[in-house]
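Chain by chain, the residues:
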Amino acid sequence: MMVYSGARREQRTNLLVQKRNRWQNRWSSDTERAAWTKTLIRNLRPSVDRKHSQECPTWAPETQQAERIIGHVTPTTIVASTIENEGSWIAVQTMVRNIMGKKERDERSRHRANMQSELRME
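Since we're looking at a predicted model, the values are computed, not measured.

A. Structural view of the packing of helix H5 (residues 60–70) against helix H7 (residues 86–121). Running from N to C, H5 and H7 point in directions that differ by 175 degrees, and their axes come no closer than 9 Å. Our classification of the angle between H5 and H7 gives roughly antiparallel. Along the contact surface, H5 presents Glu62, Thr63, Gln65, Ala66, Ile69 and Ile70, while H7 presents Gly87, Ser88, Ala91, Val92, Met95, Asn98, Ile99 and Lys102. Looking at the contact of H5 with H7, its residues break down into 7 nonpolar, 5 polar and 2 charged.

B. Structural context of the environment of Asn98. Residue placement: Asn98 occurs in helix H7. Residues Asn98 and Glu62 lie 36 residues apart in sequence; the distance between their C-alpha atoms is 6.8 Å. Beyond its immediate chain neighbours, meaning those up to four positions away, Asn98 contacts Glu62 and Gln65.

C. Broad picture of the layout of surface pockets. Taken as a whole, the second largest pocket spans an internal volume of roughly 250 Å³. Together, Arg8, Gln11, Arg12, Leu15, Leu16, Lys19, Thr76, Val79, Ala80, Ile83 and Glu84 line the second largest pocket. The set of elements that each furnish at least two residues to the lining of the second largest pocket consists of helix H1 (6–29) and helix H6 (75–84). Looking at the lining of the second largest pocket element by element, the count peaks at 6 residues for H1. By residue class, the composition of the lining of the second largest pocket is 5 nonpolar, 2 polar and 4 charged.

D. Fine view of the pattern of salt bridges. Applying the stated rule across the entire model yields 2 salt bridges. Of the charged contacts in the structure, one is a salt bridge between Glu62 and Lys102, with a shortest N-O distance of 3.6 Å. Of this pair, Glu62 sits in helix H5 while Lys102 sits in helix H7, and the two are 40 residues apart along the sequence. Exposure remark for Lys102: the relative accessible area of 24% places this residue in the partly exposed category. A salt bridge links Arg110 to Glu107, with the shortest nitrogen-to-oxygen separation between them at 2.9 Å. Of the two residues, Arg110 and Glu107 both sit in helix H7, 3 residues apart, roughly one turn of that helix. Taking the relative accessible area as the measure of exposure, Arg110 reaches 47% and is therefore partly exposed.

Criteria and cut-off values
For every chain, the first residue of the written sequence is number 1, and numbering continues from 1 along that sequence. It should be noted that, the model being predicted, local features are given only for residues of pLDDT at least 70 and side-chain atom pairs only at 80 or more, the latter also being counted only at that level, while totals for whole chains, interfaces and linings use all residues. No hydrogens and no water enter the side-chain calculation; it runs on all heavy atoms of the structure. Helix axes are fitted only over the stretch in contact, all axes being lines through C-alpha atoms; the angle between N-to-C directions runs from 0 to 180 degrees. Helix and strand definitions here come from DSSP, where helices need a minimum of 4 consecutive H or I residues and strands a minimum of 2 consecutive E residues; each element is numbered from the N-terminal end. Each angle gets one of four labels, with under 35 degrees taken as roughly parallel, over 145 as roughly antiparallel, 65 to 115 as roughly perpendicular, and the rest as oblique. Contacts are residue-level and defined by heavy atoms, with any inter-residue pair within 4.5 Å sufficient. Note that Gly is not counted as nonpolar here; it falls among the polar residues with everything else outside the nonpolar set of Ala, Val, Leu, Ile, Met, Phe, Trp, Tyr, Cys and Pro and the charged set of Asp, Glu, Lys and Arg. Only protein atoms enter the 1 Å grid used here, on which a cavity is any set of points holding a 1.4 Å probe that cannot leave and a pocket is any open set flanked by protein within 12 Å on both sides along at least five of seven lines; residues with an atom within 4 Å of a point are listed as lining. Grid points are joined across faces, edges and corners, and a volume is the space filled by probe spheres set on the points. When a carboxyl oxygen of Asp or Glu is within 4 Å of a side-chain nitrogen of Lys or Arg, the pair counts as a salt bridge. Burial classes: relative accessible area under 20% of the type maximum marks a residue as buried, over 50% as exposed, and values in between as partly exposed (1.4 Å probe, protein chains only).

Next up, the structure:
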């Protein structure tokens, strides 16, 4: 996990707040796209700041492995840490690759089960 000096931490925090505000302003002002999604998600902050590993235990092993390198996994920390060093980039890349591989295997299993169920009904 990266350790920042007080001034650098404050600067980083200010930049992240500014970025979140820009995202929220774009999200709120764009009336052309994602109308249904915006009905469900009016404020981006809870989505951006959520704690994935606590909300989704399915991916906890993958997330915990990345957290050993980058610290707490959130969209904000992922972006910040992958920009800062290659080790963090590799940790996030590995986490995503493992999660997506697991999701694809699960999806194939569900598909096979559905196909077998349909064949039994015939």
